[in-house]
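These are the residues of each chain, in order.
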Amino acid sequence: MESTNTESTKDRSFQRLVANLEEMTKLYRQLLDLVRKEKQLLIDADMVKLQENNETKENLLFKIKSIDGLRMRYAAELASLVGADHENPRLLDIAKNLGGAEGDRLRVIHSALDLLIKRLSELNKENESVAQTALKNLNGALGNIKDTLSGKKTYGAKGQVQRGPEQAGHFVSKEG
């Protein structure tokens, strides 16, 4: 009877972990879609839609963090039931100790999550690069506008600021 009870507990623990991981996979796919959309919004410079996208992304990240906390709990529980390290549970270790179809299922889910997270990281770096390039271009354009409107300043004799050549009557001295 005890063996059946342990198997039942292990099955419930496994099912909770799998359901949690599948929910996490779904959320990461949604996040991937948002990050892809973010890149186009950065390129288009659509600030209103970019702000909406960022708010949605922040909410999704909050959900992922809360689900990840549950994942750690479920993984630790299952790890202790299958003889894996419950202090630092790793899905692949749990899968190895489970073996069979259950182990294979955890490996497939692990691979999918790993791939999603790598792709998210790559896209996020690309988006950061696009944003940095846009900021550099904007700063350069603003600097040019500022220089045009205020006139370039040069330092004259005795540290005095002189107006640039756009002022009438300003000539280069021929004295050497």
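Residues numbered from 1 in each chain as written. Predicted model: local features only at pLDDT ≥ 70, side-chain atom pairs only at ≥ 80, totals over all residues. Heavy atoms only, no water.

A. Layout of the overall build of the protein. The secondary structure content of the protein amounts to four helices and two strands. Across the protein, helices and strands are ordered from the amino to the carboxyl terminus as α-α-α-α-β-β. Counting only residues that meet the buried cut, the protein has 26% of its 176 residues in that class. Long-range contacts, defined as pairs at least 24 residues apart, comprise 58% of the intrachain contacts of the protein with a sequence gap of at least 6. For the protein, the exposed surface amounts to about 12400 Å²; the carbon and sulfur share of it is 53%. (Helix = DSSP H or I, 4+ residues; strand = E, 2+ residues; numbered from the N terminus. Buried < 20%, exposed > 50% of the residue type's maximum accessible area, 1.4 Å probe, protein only. Contact = heavy atoms within 4.5 Å. Areas by Shrake-Rupley, 256 points an atom, 1.4 Å probe, with all protein chains shown as cover.)

B. Layout of the packing of helix α2 (residues 47-82) against helix α3 (residues 91-98). Close contact between α2 and α3 brings their axes to 10 Å; oriented N to C, the two are set at 35°. Remark: the crossing between α2 and α3 carries left-handed chirality. Facing A75, L78, A79 and V82 of α2, the residues of α3 in contact are I94, N97 and L98. Residues of the contact of α2 with α3, tallied by class, amount to six nonpolar, one polar and no charged. (Axes fitted to C-alpha atoms, helices over the stretch in contact; angles between N-to-C directions. Left-handed = near helix turned anticlockwise from the far one by under 90°. Nonpolar A, V, L, I, M, F, W, Y, C, P; charged D, E, K, R; others polar.)

C. Spatial organisation of the pattern of salt bridges. Applying the stated criterion across every chain yields a total of 10 salt bridges. As a salt-bridge pair, K39 and E126 come within 2.9 Å of each other at their nearest N and O atoms. Taken together, the positions of K39 in helix α1 (residues 2-44) and E126 in helix α4 (residues 100-150) put the pair 87 residues apart, joining distant regions of the chain. Between R71 and D68 there is a salt bridge, with its nearest N and O atoms 2.6 Å apart. (Salt bridge = Lys/Arg side-chain N within 4 Å of Asp/Glu carboxyl O.)

D. Main features of the confidence of the model for the protein. Averaged over all residues, the pLDDT of the protein equals 81, while 75% of them reach at least 70. Here strand β2 (residues 161-163) stands out as the least confident element of the protein, with mean pLDDT 54; α2 is the most confident, with 91. (pLDDT = per-residue confidence, 0-100.)

E. Structural detail: the environment of E102. Assignment of secondary structure puts E102 in helix α4. For the pair E102 and Q15, spaced 87 residues apart in sequence, the C-alpha separation works out to 9.6 Å. Each residue touching E102, except ones within four places of it in the same chain, is listed here: K10, D11 and F14.

F. Fine view of α3. Considered for burial, the residues of α3 that qualify are L91, I94, A95 and L98. All buried residues of α3 project into a common sector of 100° when viewed along the axis, lining one side. The first or second residue beyond α3 is G99, which carries a positive phi of 70°. (Arc of directions from axis to C-beta.)

G. Geometry of the side chain of T25. Considering the arrangement of structural elements, one finds T25 in helix α1. A polar atom in the side chain of T25 sits 2.8 Å from the backbone oxygen of L21. For T25, the residues in contact, after removing those within four places along its chain, are I109, L113 and L116. (Polar contact = N/O pair within 3.5 Å; in protein donor to acceptor, adjacent residues only side chain to side chain.)

H. Examining the environment of Q51 more closely. By secondary structure assignment, the location of Q51 is in helix α2. For Q51, a relative accessible area of 44% gives the class partly exposed. Sequence separation between Q51 and E38 is 13 residues; the distance between their C-alpha atoms is 9.5 Å.

I. Inspection of the side chain of N127 at higher detail. Within the secondary structure, N127 sits in helix α4. Of note is the side chain of N127, whose polar atom sits 2.8 Å from the side chain of E38. Setting aside chain neighbours within four positions, we find N127 in contact with V35, E38, K39 and L42.

J. Representation of α2 within the structure. Spanning 36 residues, α2 covers 50 Å between terminal C-alpha atoms, matching the ideal 52 Å at 1.5 Å per step. Those residues of α2 that sit buried are L50, N53, K57, L60, I64, I67, R71, Y74, A75, L78, A79 and V82. Two residues or fewer past α2, G83 is found with a positive phi of approximately 80°. (Expected span 1.5 Å × (residues − 1).)

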